[in-house]
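Per-entry structural report
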Amino acid sequence: MRYDKPGRLARAGSAVIRWLAEAGISIAGTRVLRVAGRKTGTPRAVVVNVLTVDGTDYLVSPRGNTQWARNVRAAGVVQIGPRHRRRTRRAGEVADAAKPAVLRRYLQRWYWEVKGYVAGLTPDSTEAELARAAPSIPVFALTPE
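Computed from a prediction, not measured in an experiment: that's the story for all the values here.

The secondary structure content of the chain amounts to four helices and six strands. Its helices and strands taken in sequence order, the chain reads α-β-β-β-α-β-β-α-α-β from the N to the C terminus. Here the chain holds 145 residues, and the buried ones make up 41% of them. Sequence-distant contacts, at least 24 apart, represent 63% of the contacts inside the chain between residues at least 6 apart. As displayed, the chain offers around 7,900 Å² of accessible surface, 52% of which is attributable to carbon and sulfur atoms.

Let us now look at the environment of valine 48. Relative to the helices and strands, valine 48 resides in strand β2 (residues 43-53). For the pair formed by valine 48 and threonine 30, sequence separation is 18 residues and the distance between their alpha carbons is 5.6 Å. Residue contacts for valine 48: discarding those within four places in its chain leaves Gly29, Thr30, Arg31, Leu33, Leu59 and Trp68.

Side-chain positions along a regular strand alternate between the two faces of the sheet. Note: strand β4 (residues 77-80) against strand β5 (residues 87-93), four bridges, orientation antiparallel. Counted as the bridge partner of glutamine 79 is threonine 88 from β5. Connecting β4 to the next strand, β5, in antiparallel fashion are six residues, including glycine 81 with a positive phi near 120 degrees.

A few words on helix α3 (residues 99-114). For α3, built from 16 residues, the straight-helix expectation of 22 Å at 1.5 Å per residue is missed by more than 12%, its first-to-last C-alpha distance being only 17 Å. At glutamine 108, α3 is bent by approximately 60 degrees, the largest bend along its length. Those residues of α3 lying buried are Lys99, Pro100, Val102, Leu103, Arg104, Tyr106, Leu107, Trp110 and Val114. Buried residues belonging to α3 abut β2, β3 (56-60), α4 (127-133) and β6 (139-144).

The strand order β1-β2-β3-β6-β5-β4 describes a closed barrel built from six strands, whose pairing is antiparallel. When strand polarity is set aside, the average angle formed by the axes of neighbouring strands in this sheet is 45 degrees. As paired strands, strand β1 (residues 30-36) and β4 are joined by two bridges and run antiparallel to one another. The residue of β4 that forms the bridge with arginine 34 is glutamine 79. Running over the sheet, helix α2 (residues 67-75) touches β1, β2, β3, β4, β5 and β6 and is turned about 55 degrees from β1. α3 rests against β2, β3 and β6 of the sheet, and its axis sits at about 110 degrees to β2.

A word on the nonpolar core. One finds Leu51, Tyr58, Val60, Leu103, Leu121, Ile137 and Val139 to be the most contacted residues of the largest nonpolar core, which totals 20 residues. For this core, the secondary-structure elements that each account for two or more residues are β2, β3, α3, α4 and β6. If you tally residues by element for this core, the top one is α3, at six residues. Sequence-distant contacts of valine 60, defined by excluding residues within four places in its chain, comprise Trp68, Val102, Leu103, Tyr106, Ile137, Pro138 and Val139.

Conventions adopted
- Residues numbered from 1 in each chain as written.
- Predicted model: local features only at pLDDT ≥ 70, side-chain atom pairs only at ≥ 80, totals over all residues.
- Heavy atoms only, no water.
- Helix = DSSP H or I, 4+ residues; strand = E, 2+ residues; numbered from the N terminus.
- Buried < 20%, exposed > 50% of the residue type's maximum accessible area, 1.4 Å probe, protein only.
- Contact = heavy atoms within 4.5 Å.
- Areas by Shrake-Rupley, 256 points an atom, 1.4 Å probe, with all protein chains shown as cover.
- Pairing = 2+ DSSP bridges.
- Expected span 1.5 Å × (residues − 1).
- Bend = angle between axes of the 7 residues up to and from the residue.
- Axes fitted to C-alpha atoms, helices over the stretch in contact; angles between N-to-C directions.
- Core = buried A, V, L, I, M, F, W, Y, C linked by side-chain atoms within 4.5 Å.

Written out as structure tokens, the structure reads:
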């Protein structure tokens, strides 16, 4: 499965944005995701963009099968939000056939941010292109615990 590993600069930028998000300062809709590590159980934190479509929140991993996506898949439960307002949610993986609609909405909102590592997709990608890339982009639906 595809995984576009972030470089040093991207990791440093994410650390700053994560610190701000932990304090409750969101930049372009960022939120902190906390999930137990799949091997150690140690909580891991990463900044994500939460997409809401028709009342359902989604997590999209544009870089592919990232460490956080693997952890979410294994744990099935995540915490979202800043330190003082974290909410626990169940996370279920979305079937490949249902991903294109979510991916299109995600790209329409955050393409400017993810354009270098989203499997070559754009907001104008065809349905066939979205469907072809769907298996390489984990998408999780969040529901109340």
